[in-house]
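The lines below spell out each chain.
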Amino acid sequence: MNALLDTIRDASGDTDAWPADVFEARLREQGAAYHIHHPFNVMLNTGKATPEQIRGWVANRYAYQLAIPIKDAAVLSNCPDREVRREWIQRILDHDGHGDDPGGIEAWLRLAEATGLTREEVTDQRHVVPGVRFAVDAYIDFARRRPWQESVCASLTELFAPAIHRQRLANWPEHYPWIAGDGLAYFRNRVSQARRDVDHSLAITLAHFRTREAQQRALDILRFKLDVLWAMNDAMANRYGVTT
Ligand code: AHQ
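Every chain is numbered on its own, with residues counted from 1 as its sequence reads. With pLDDT at 70 or above as the cut-off, local features in this predicted model cover only qualifying residues; side-chain atom pairs require 80 or more to be listed or tallied, and sums for whole chains, interfaces and linings still use all residues. The side-chain values count all of the structure's non-hydrogen atoms but skip hydrogen atoms and water molecules.

Trainee: Explanation requested: the packing of aromatic side chains in the structure shown.
Mentor: Centre distance and the angle of the planes are the two values used to describe a pair of aromatic rings. Centre distance within 6.5 Å is the pairing criterion for rings of Phe, Tyr and Trp, where only the six-membered ring of Trp is used; planes under 30 degrees apart are then read as stacked, over 60 as edge-to-face, and the remainder as tilted. Applying the stated criterion to the full structure yields 13 aromatic pairs. With 5.4 Å between their ring centres and 55° between their planes, Tyr-34 and Phe-160 make a pair best called tilted. A residue pair is termed long-range when its members are at least 10 positions apart, and Tyr-34 in the loop between helix H2 (20-29) and helix H3 (39-45) and Phe-160 in the loop between helix H9 (148-154) and helix H10 (161-175) qualify at 126 residues. When the ring of Trp-57 is compared with that of Trp-172, the centres are 5.6 Å apart and the planes differ by 65°; the resulting orientation is edge-to-face. A residue pair is termed long-range when its members are at least 10 positions apart, and Trp-57 in helix H4 (residues 51-78) and Trp-172 in helix H10 qualify at 115 residues. Type-normalised accessible area, obtained with a 1.4 Å probe on protein chains alone, sets the label of each residue: buried when under 20%, exposed when over 50%, and partly exposed for intermediate values. Residue classification places Trp-172 among the buried residues on the basis of a relative accessible area of 1%. Grouped by ring-pair contacts, the aromatic residues Trp-57, Trp-108, Trp-172, Tyr-176, Trp-178, Tyr-186 and Phe-187 constitute a single cluster. In this analysis the charged atom, NZ for Lys or CZ for Arg, is taken to sit over a ring once it is within 6 Å of the ring centre and within 35 degrees of the ring normal. We note Arg-91 situated over the ring of Trp-88; from NZ or CZ to the ring centre the distance is 3.6 Å. Secondary structure counts use DSSP, requiring at least four H or I residues in a row for a helix and at least two E residues in a row for a strand, with both numbered from the N terminus.

Trainee: Which parts of the structure should I look at to understand the packing of H4 against helix H8 (residues 130-145)?
Mentor: A packed helix pair is summarised by two numbers, namely the angle formed by the two axes and the spacing between the axes. To get an axis, a line is fitted to the C-alpha atoms, and for a helix only the part in contact is used. The angle between two axes follows their N-to-C directions and goes from 0 to 180 degrees. Contact geometry for H4 and H8: axes closest at 8 Å, N-to-C directions at 10°. Classified by the angle their axes make, H4 and H8 are roughly parallel. Of the residues in H8, those touching H4 at Asn-60, Ala-63, Tyr-64, Ala-67, Ile-68, Ile-70, Lys-71, Ala-74, Val-75 and Asn-78 are Val-132, Arg-133, Val-136, Tyr-139, Ile-140, Ala-143 and Arg-144. Ten residues, namely Ala, Val, Leu, Ile, Met, Phe, Trp, Tyr, Cys and Pro, are considered nonpolar, four, namely Asp, Glu, Lys and Arg, are considered charged, and the remaining ones, Gly among them, are considered polar. A class-by-class count of the residues in the contact of H4 with H8 yields twelve nonpolar, two polar and three charged. In this scheme, roughly parallel covers angles under 35 degrees and roughly antiparallel covers those over 145, while 65 to 115 is roughly perpendicular and the rest are oblique. Contact criterion: two residues are considered in contact whenever any of their non-hydrogen atoms come within 4.5 Å of each other.

Trainee: Would you explain the nonpolar core in this entry?
Mentor: Proteins that are soluble and globular tend to have nonpolar side chains buried together. Judged by nonpolar contacts, the single largest core of 66 residues is most densely connected at Trp-57, Val-132 and Trp-172. In contact with Trp-57, not counting residues within four places along its chain, are Phe-40, Leu-44, Trp-108, Arg-168, Trp-172, Phe-187 and Met-236. In this description, a nonpolar core means a group of buried Ala, Val, Leu, Ile, Met, Phe, Trp, Tyr and Cys residues linked to one another through side-chain atoms lying within 4.5 Å. In this structure, Ala-74, Val-75, Val-152 and Ile-204 belong to the second largest nonpolar core, which totals eleven residues.

Written out as structure tokens, the structure reads:
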């Protein structure tokens, strides 16, 4: 892949827009900064977390899960394109639930109960630390203020999400047998939902950011969102400690 990048980069010069495959490769290169590599997440997924660290992560990540449909509603409110809205609205349904599907936020509460947390101490957010609160609020505020296409681009951290969900599904039952298996349903649901969401977000991003300057802006937006996720893990590591 790098040889291709170098060839196409040389051919394109340093001001022309990247072809779509190079632009996509540049977006995917950002995965090196994804929170799967954060020491707190490495601790979680290599079986080194204590029950208190697991419960702290679940209780704090609840603030992020609650924010996702709020953020997605902000994207909808900024988007005049009916075809985009018809697809994007599914993200809100996936989290808030609809019909017989209780949704992802309910699944997260079941994960919380499986780790020994009470629904009340999660829903009242007593455990959410300031750094997580600030990072989550920054993401919602970004989606409210910025053009809807920039928020679509920010959601592309999910390019890297199926891997982290599969990692939890593969490792948690072995490392944390005290967490009931049905508590992991959220991660199972997200593997396919994230892939579907990314197909939509990536197509919009590749089509919208057409000049080299705009493509660089897209990389900066993705870096902002990667920092949101990384900062959340920094705040949780500060509160609960990291065992490496
Ligand atoms: O459960 C997650 C989720 O629903 C979303 C939506 C998407 C967005 O719109 O920004 N990002 C995202 C993510 C979820 N889970 C995170 C995890 O580590 O469990 C990963 C996160 C993401 O990659 O942005």
